[in-house]
Amino acid sequence: MTARHILSGRAEALADHQILDDAAFDDAGFVLDDEASYDGDQLDREERAALRRVSGLSTELEDVTEVEYRQLRLERVVLASVWSEGTLADAENSMRELAALAETAGSEVLAGVVQRRANPDPATYLGKGKAEELRDIVIAEGADTVVCDTELAPSQRRALEDVVKVKVIDRTALILDIFAQHAKSREGKAQVELAQLQYLLPRLRGWGESMSRQAGGQAAGGQGMGSRGPGETKIELDRRRINSRIAKLRREIKEMKTVRDTKRGGRRQNAVPSVAIAGYTNAGKSSLLNRLTGAGVLVENQLFATLDPTVRRAETPDGRLYTLADTVGFVRQLPHQLVEAFRSTLEEVAESDLLLHVVDGSHPDPEGQISAVRAVLADVDATDVREVVVVNKADAADPEVLDRLRRHEKHSIIVSARTGEGLDALRALIADELPQPDVDVDVLVPYDRGDLVSRIHETGEVLGSEHLADGTRLTARVTPDLAADLVPFGT
């Protein structure tokens, strides 16, 4: 089964996942500043698209005038997958997702093959005969890379490379490459490097005598007298160096986690509730954050476009402050190295008061997305957080799918970050779900304690206010911590 079968719906799938209409873009490819599509200041997008080619200079038969900076040298790839469980539709959806991942990494997908078998071949993944057929496809298409839709054992990857005669990478390596391209912050880069080294460590391989550091006699090509001994091979040196680097990165990430814990502790001390946005990659989390807070986070119709968590201040309709945190997107078969490396970042979800689980309503398998996200949340102990399923992209979704999701997910809401549909209802739902002030107070706050009045307005519910000669008299409903600070001013 070739890509003409598997990827025939690729254009339709991309159209279904568009965040913005073509009319919402100007000639330079940036979002126009209007009510319907404003996503804040898209400075990251401008930087990412800043490298252009000048038309008319190429001697190739076909000239590309504008390319995204990672796509200056596109790899030509062929996709390969083993369909061992689920339906054919599930296998095709997985291949389309793999194609989107490959394009995000900066490659051109030429073809895709799926083999139906009970289990992947332990030697060459596809089976010897199908691996040879894959080699013929690679030669016919002129590809230079094969991407497999699972994590391969080191021996499988080497054996398949020996058959197809081109580079072979697996799904995990592809996702790690995308993360390495998109990481911006110091912590994000450290987390991605840690995941890459953990993936690389069991996959090191020696290359014979040219890589050896063992000393021998002159007849053996060594350095002669004074250099004989067991020595240490190059692969052992590499392993030791990688282990040392992993230990250093873990220490650095632990120190960065302390900074985040300190900031989170400050918000807790000021009784500021926190809301975390989590969900499948490209479900519209950053678009939703921008529409709720005007954060200006990068919005791109692309998998894993944003990695670094963003925390922004927001306000409920009744004036209470809370924080809204955008997190890294999830995906099926998310590499366990990434889950472990990004554990400190994902703790933002576990420590939140409310979780907005964003789902792409226009995706062919939204229930599969929900299951994949909840599996990762279980890994980081975030299953006890109160969850609201936010079905996004309602403007592009099938009404029957929306009805089905509404029936299956009792605590859910339908929105569209693109058109603004349902956002007012979402803001009201957030206000209802956040912890409510539950201590009634009647205080007379002196005018020199305006800080307390500000805290009452920010974190509490003001029932009455009166300005007197000695200060401001307030009747309000506040949190227990604030009530304790107001005890000296009770009337």
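The rules we used
Residues numbered from 1 in each chain as written. Predicted model: local features only at pLDDT ≥ 70, side-chain atom pairs only at ≥ 80, totals over all residues. Heavy atoms only, no water. Axes fitted to C-alpha atoms, helices over the stretch in contact; angles between N-to-C directions. Helix = DSSP H or I, 4+ residues; strand = E, 2+ residues; numbered from the N terminus. Parallel < 35°, antiparallel > 145°, perpendicular 65-115°, else oblique. Contact = heavy atoms within 4.5 Å. Nonpolar A, V, L, I, M, F, W, Y, C, P; charged D, E, K, R; others polar. Phe/Tyr/Trp six-rings, centres within 6.5 Å; stacked < 30°, edge-to-face > 60°. Lys NZ or Arg CZ within 6 Å of the ring centre and 35° of its normal. pLDDT = per-residue confidence, 0-100. Core = buried A, V, L, I, M, F, W, Y, C linked by side-chain atoms within 4.5 Å. Buried < 20%, exposed > 50% of the residue type's maximum accessible area, 1.4 Å probe, protein only. Pairing = 2+ DSSP bridges. Salt bridge = Lys/Arg side-chain N within 4 Å of Asp/Glu carboxyl O. Polar contact = N/O pair within 3.5 Å; in protein donor to acceptor, adjacent residues only side chain to side chain.

This brings us to the packing of helix α10 (residues 285–293) against helix α15 (residues 423–433). In the contact formed by α10 and α15, the axes pass within 11 Å of each other and the chain directions differ by 80°. Taken together, the axes of α10 and α15 are roughly perpendicular relative to one another. Contact residues: L288, R291 and L292 in α10; L423, L426 and R427 in α15. In terms of residue class, the contact of α10 with α15 is built from 4 nonpolar, no polar and 2 charged.

It is worth spelling out the packing of aromatic side chains at this point. In total, this model carries 0 aromatic pairs according to the counting rule given. Taking NZ or CZ as reference, R116 lies 4.3 Å from the ring centre of W83, over its face.

Residues at a pLDDT of 70 or more form 75% of the chain, whose mean pLDDT is 78. Per-element confidence in the chain is highest for strand β3 (residues 145–148), whose mean pLDDT is 93, and lowest for helix α2 (residues 10–16), whose mean pLDDT is 41. Across residues 1–36 the pLDDT falls below 50, and counting only partners more than four positions away or on other chains, this stretch makes 74 contacts in the model. Long-range and interchain partners of residues 61–72, a stretch whose pLDDT sits below 50, account for 24 contacts in this model, where long-range means more than four residues apart.

A few words on the nonpolar core. Among the nonpolar cores identified, the biggest contains 78 residues, and F304, F330, L356 and L426 are the most heavily contacted of them. Here this core gets 7 residues from one element, more than from any other, and that element is helix α4 (residues 88–104). In contact with L356, not counting residues within four places along its chain, are V275, A276, I277, A278, L324, V388, V390, L426 and I430. Of all hydrophobic cores here, the second largest spans 20 residues; its members include A80, L110, V164 and V168.

We now examine the sheet that holds strand β12 (residues 461–467). The antiparallel open sheet is built from 3 strands, whose spatial order is β11-β13-β12. Lying at the two open borders of the sheet, with one neighbouring strand each, are β11 (439–445) and β12. Taking each pair of neighbouring strands and ignoring which way they run, the sheet shows an average axis angle of 10°. In terms of strand pairing, β11 meets strand β13 (residues 472–478) through 7 bridges, oriented antiparallel.

If you trace the 4 strands from one edge of the open sheet to the other, you get β2-β1-β3-β4, paired in parallel fashion. The two strands at the open ends of the sheet, each matched to only one other strand, are β2 (107–116) and β4 (167–170). Adjacent strand axes in the sheet meet at a mean angle of 25°, parallel and antiparallel pairs treated alike. Pairing analysis gives 9 bridges linking strand β1 (residues 75–83) to β2, with the strands arranged parallel. Note on β2: the bridge partner recorded for R76 is E108. The strands that helix α6 (residues 154–164) touches are β3 and β4; relative to β4, the one it contacts most, it runs at about 145°.

For the rest of this paragraph, the subject is the pattern of salt bridges. Evaluation of the coordinates by the stated rule reveals 26 salt bridges. Among the salt bridges present, the one from R404 reaches E367, with a minimum N-O distance of 2.6 Å. On the criterion of sequence distance, the pair formed by R404 in helix α14 (residues 399–408) and E367 in helix α13 (residues 366–379) is long-range, its members being 37 residues apart. Taken together, the shared-partner salt bridges in this structure form one network comprising E97, D149, R171, R332 and D365.

Our focus in this paragraph is the side chain of R332. Tracing the chain through its elements places R332 in the loop between β7 (321–326) and α11 (336–341). Here the side chain of R332 touches D365 through a polar contact of 2.9 Å, side chain to side chain. Discounting residues that sit within four places of it in the chain, R332 has contacts with E97, R171, Y280, H363, D365, G368, Q369 and A372.

Let us look at the environment of D149. Locating D149 in the fold gives a position in the loop between β3 and α6. Excluding residues within four positions of it along the chain, D149 makes contact with A80, S81, S94, M95, L98, Y125, R171 and Q333. Polar side-chain contacts of D149 include one of 2.6 Å to the side chain of R171.

Secondary-structure assignment places H363 in the loop between β8 (354–360) and α13. A relative accessible area of 13% places H363 in the buried class. Only 2.9 Å separates the side chain of H363 from the backbone nitrogen of D365, close enough to count as a polar contact.

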